[in-house]
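Topology and contacts: notes
Okay, here's what each chain looks like letter by letter:
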Amino acid sequence: MVFSDILKIENGNVIRNPGGEGIEHFGYADGISQPLFFREEIEAYREKYKYFQAFDPAFPLEQVLVKDPLLENENAFGSFLVFRKLEQDVKGFKRQEKQIAEKMNLENDEIVGAVMVGRFEDGNPICFIT
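Residues numbered from 1 in each chain as written. Predicted model: local features only at pLDDT ≥ 70, side-chain atom pairs only at ≥ 80, totals over all residues. Heavy atoms only, no water.

1. Side note on the overall build of the protein
The following threshold applies: Every helix listed is a DSSP run of H or I at least four residues long, and every strand listed is a run of E at least two residues long, numbered separately from the N terminus. In this scheme, a residue with accessible area under 20% of its type's maximum is buried, one over 50% is exposed, and one in between is partly exposed, where area comes from a 1.4 Å probe on protein chains only. Only the protein chains shown count as cover for residues, and the accessible areas themselves come from Shrake-Rupley with a 1.4 Å probe. Residues scored as charged are limited to Lys and Arg (positive) and Asp and Glu (negative), so that His and the chain ends carry no count. To locate a charge, the coordinates of NZ of Lys, CZ of Arg, CG of Asp or CD of Glu are taken.
Across its full length, the protein holds three helices and four strands. Starting at the N terminus and walking to the C terminus, you meet the elements of the protein as β-β-α-β-β-α-α. Seen through its principal axes, the protein has C-alpha atoms that stretch 65 × 40 × 30 Å. Classification of the 130 residues of the protein by burial places 18% in the buried group. Accessible surface, the protein as shown: approximately 11,200 Å² in total, 55% of it carbon and sulfur. A distance of 5 Å separates the average location of the 15 positive side-chain charges in the protein from that of its 23 negative side-chain charges.

Structural data, given as structure tokens:
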């Protein structure tokens, strides 16, 4: 086998909410705590989440790019990707979310899901003040 041999191709799709933000399959906006490397993206993030500054999205490019040890070229860099394929029971999750809300006499099960996931579906974090 040579590194350039293609062993398998698996296509994926991005799921988006009505606001155009990427969401994961449970319906929760993703990306609020993703590292950003480009100035424009960092500035846009800071403007969008100006009232939530607990996370700094700015990361150095060296965090994800490494020098290719097999090449002498000074511009030979690469990164690593982990592809993890999971099977998750979205319907079961939503069913449990609703059952817990009913047991707690809550009219809306949104808070239950937010507590379980750590953020609301729009991506805003759930914060507890102790």
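2. Some thoughts on the packing of helix α2 (residues 90-103) against helix α3 (residues 110-117)
Put simply, the rule reads: Axes here mean lines fitted to C-alpha atoms, for a helix over just the part in contact, with angles spanning 0 to 180 degrees between N-to-C directions. For classification purposes, an angle smaller than 35 degrees is called roughly parallel, one larger than 145 roughly antiparallel, one from 65 to 115 roughly perpendicular, and anything else oblique. By definition, any crossing whose near helix is turned counterclockwise from its far helix by less than a right angle is left-handed, and any crossing with a clockwise turn is right-handed. When checking whether two residues touch, look at their non-hydrogen atoms; a contact exists if any pair is within 4.5 Å. Residues are sorted three ways: Asp, Glu, Lys and Arg are charged, Ala, Val, Leu, Ile, Met, Phe, Trp, Tyr, Cys and Pro are nonpolar, and all the rest, Gly among them, are polar.
It is at 8 Å that the axes of α2 and α3 come closest, and there the two elements cross at 120 degrees. In this view, α2 runs oblique relative to α3, as classed from their interaxial angle. Every pair of crossing elements has a handedness; the one defined by α2 and α3 is right-handed. Of the residues in α3, those in contact with Phe93, Glu97, Ile100 and Ala101 of α2 are Val112, Gly113, Met116 and Val117. Here the contact of α2 with α3 is built from residues that sort into six nonpolar, one polar and one charged.

3. Regarding the packing of aromatic side chains
Put simply, the rule reads: Pairing of aromatic side chains requires ring centres within 6.5 Å, counting the rings of Phe and Tyr and the six-membered ring of Trp. Pairs whose planes differ by under 30 degrees are stacked, by over 60 edge-to-face, and all others tilted. Only when the NZ atom of a Lys or the CZ atom of an Arg is both within 6 Å of the ring centre and within 35 degrees of the ring normal do we say a charge sits over the ring.
Scanning the model with the defined rule gives two aromatic pairs in all. Seen in terms of ring centroids, tyrosine 45 and tyrosine 49 are 4.8 Å apart; in terms of plane orientation they differ by 45 degrees. Their pairing is tilted. On the accessibility criterion, tyrosine 45 (8% relative accessible area) is buried. For tyrosine 49, a relative accessible area of 12% corresponds to the buried category. Of note, lysine 67 hangs over the ring of phenylalanine 77, and the distance from its end group to the ring centre comes to 5.9 Å.

4. Details of the environment of glutamine 88
Counted only if it meets this: A 3.5 Å cut-off defines polar contacts: any pair of N or O atoms within that distance qualifies, except that in protein one atom must be a possible hydrogen donor and the other a possible acceptor, and neighbouring residues in sequence count only when both atoms are side-chain atoms.
Assignment of secondary structure puts glutamine 88 in the loop between β4 (77-78) and α2. Given the relative accessible area of 37%, glutamine 88 is considered partly exposed. Looking at glutamine 88, its side chain comes within polar contact range of the side chain of histidine 25, at 2.5 Å.

5. Quick word on α3
For α3, every residue scored as buried is listed here: Val112, Gly113 and Ala114. In this structure, the buried side of α3 is in contact with α2. Once α3 ends, the next one or two residues include glycine 118, with phi positive near 100 degrees.

6. Description of unusual backbone geometry
Of note, the phi angle at asparagine 105 is positive, near 55 degrees, even though the residue is not glycine. Residue position: asparagine 105 is located in the loop between α2 and α3. Classification of asparagine 105 by relative accessible area gives exposed; the value is 70%.

7. What to know about the side chain of glutamate 24
Following the sequence through the fold, glutamate 24 ends up in the loop between β2 (22-23) and α1 (39-48). A polar contact of 2.9 Å, which involves the side chain of glutamate 24, links it to the backbone nitrogen of phenylalanine 26. In this view, glutamate 24 contacts Asp30 and Arg119; residues no more than four positions away in its chain are not counted.

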